[in-house]
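The primary structure of each chain is shown beneath.
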Amino acid sequence: MSESHTPPSGSARLNTGVAHNARVWNYWIGGKDNYEVDQRVGDHVASINPVIRDIARADRDFLGRAVTYLTRERGVRQFLDIGTGLPTADNTHEIAQRIAPDSRIVYVDNDPIVLVHARTLLTGTREGATDYIDADVHDPDAILERAAGTLDVTRPVAVMMLGILNFVLDTDKAREITRRIMAAVPSGSFLVLTHPTYDPEVGGELQVPAMEFWNANATPPITARSAADITAFFEGLDLVEPGLVSCSQWHAASDSAAAVPQYGAVAVKP
Ligand SMILES: C[S@@+](CC[C@H](N)C(=O)[O-])C[C@H]1O[C@@H](n2cnc3c(N)ncnc32)[C@H](O)[C@@H]1O
């Protein structure tokens, strides 16, 4: 391959002049891997939609509960975590391998900053395995092909799509992606999903103006969806109780967890 065709490394692709979702998300959950532009845009979004930090924290807590549930209660030992985000406390492999050291995890993200920090995601147990794929969710075939290097796709896989389908703006395309990925994994596999919503039932009224600001000032562009549209991503799968709910309330320790406008659900492939 000639040098001009070598894909640029994560650091060479970093754009610190425009706010990026992975870095702003890291800012909202209290991380340090973000730049001034991310903080400025993140604060402005929070001024429009004051629950945005609650959403980000609730989403990470949901991740912790879902991975714990799948590893401990359902015996899952393989995870495909698409739209990983920047490494933080309790990444998927740490939670799963704490319970089952032989767990195998493949992370996927397309943000150059996540690629730069990917080493932190690759520090799993000796008994298990972790891998990182720099790829776009719009190309599920490429993801599946490369994930098969680490995951045994003849055995159940938990496909984690937390806060990622909201970056696939076309709902039919998003549905096609989940369908394609879930068709490639066997019965007993899971789809774990979180997704922002504008539904007023869970306090989503301010998501639309906040996302309008985001789309004019940051990247990549985002969309919220209704509960009905998000439920359709689970077509052909059986939702685990309690179904699609505010992610803060899914298997929450207390009945009094406040709703946030980010739905979460786990479903199994029959
Ligand atoms: C809102 S964060 C969610 C991070 C993590 N899943 C969580 O729930 O905490 C979304 C992540 O998706 C990544 N992302 C956005 N568009 C993507 C795409 N087209 N392909 C792959 N990853 C993408 C971003 O870089 C970011 O790291």
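(A) Examining the site of the ligand more closely. Around the ligand sit 20 residues in total, of which Trp25, Asp59, Arg60, Gly83 and Asp109 are the nearest. At a separation of 2.7 Å, an oxygen atom of the ligand approaches a polar side-chain atom of Asp109. The protein chains hide 97% of the 600 Å² of surface that the ligand would expose on its own. Placement of the ligand is best described as lying within the largest pocket.

(B) Here's a closer look at the packing of helix H4 (residues 52–72) against helix H5 (residues 92–99). Running from N to C, H4 and H5 point in directions that differ by 35°, and their axes come no closer than 9 Å. Crossing angle aside, the handedness with which H4 passes H5 is right-handed. Residue-level inspection shows Leu63, Gly64, Val67, Thr68, Thr71 and Arg72 of H4 in contact with H5, the latter providing Thr92, Ile95, Ala96 and Ile99. In terms of residue class, the contact of H4 with H5 is made up of five nonpolar, four polar and one charged.

(C) Focus on the layout of surface pockets. Size it by volume and the largest pocket reaches roughly 700 Å³. For the largest pocket, the lining is made up of 41 residues, of which Asn21, Gly163, Ile164, Asn166 and Phe167 are closest to its centre. Broken down by secondary-structure element, the contributors of at least two residues to the lining of the largest pocket are helix H2 (21–28), H4, strand E2 (78–82), strand E3 (104–109) and helix H9 (207–217). Considering every element that reaches the lining of the largest pocket, the biggest residue donor is H4, with five residues. For the lining of the largest pocket, a count of residues per class yields 22 nonpolar, 13 polar and six charged.

What counts, and where the lines are drawn
Residue indices begin from 1 for each chain and proceed along its sequence in written order. In keeping with the predicted nature of the model, local features appear solely for residues at pLDDT of at least 70, side-chain atom pairs appear and are counted solely at 80 or more, and the whole-chain, interface and lining totals rest on all residues. Computation of side-chain values: all heavy atoms of the structure, hydrogens and water removed. One heavy atom within 4 Å of a molecule or strand makes the whole residue count as near it. In protein, a polar contact means a hydrogen-donor-capable atom and an acceptor-capable atom, both N or O and within 3.5 Å, with residues adjacent in sequence counting only if both atoms are side-chain atoms; elsewhere, any N or O pair within 3.5 Å suffices. The accessible surface values rely on the Shrake-Rupley method and a 1.4 Å probe; as for residues, cover is taken only from the protein chains in view. Here a cavity denotes grid points, spaced 1 Å and computed from the protein atoms alone, that fit a 1.4 Å probe unable to get out, and a pocket denotes an open set having protein on both sides within 12 Å along at least 5 of 7 lines; residues with an atom within 4 Å of a point are the lining. Here the criterion for a molecule occupying a pocket or cavity is that more than half of its atoms lie within 2 Å of the pocket grid points. Axes here mean lines fitted to C-alpha atoms, for a helix over just the part in contact, with angles spanning 0 to 180 degrees between N-to-C directions. Secondary structure elements follow DSSP: runs of H or I of four or more residues count as helices, runs of E of two or more count as strands, with numbering from the N terminus. The hand of a helix crossing depends on one turn: near helix anticlockwise from the far one by less than a right angle means left-handed, and clockwise means right-handed. Contact definition: two residues touch when any of their heavy atoms are within 4.5 Å. Classification convention: Asp, Glu, Lys, Arg as charged; Ala, Val, Leu, Ile, Met, Phe, Trp, Tyr, Cys, Pro as nonpolar; all other residues, Gly among them, as polar. Grid points are joined across faces, edges and corners, and a volume is the space filled by probe spheres set on the points.

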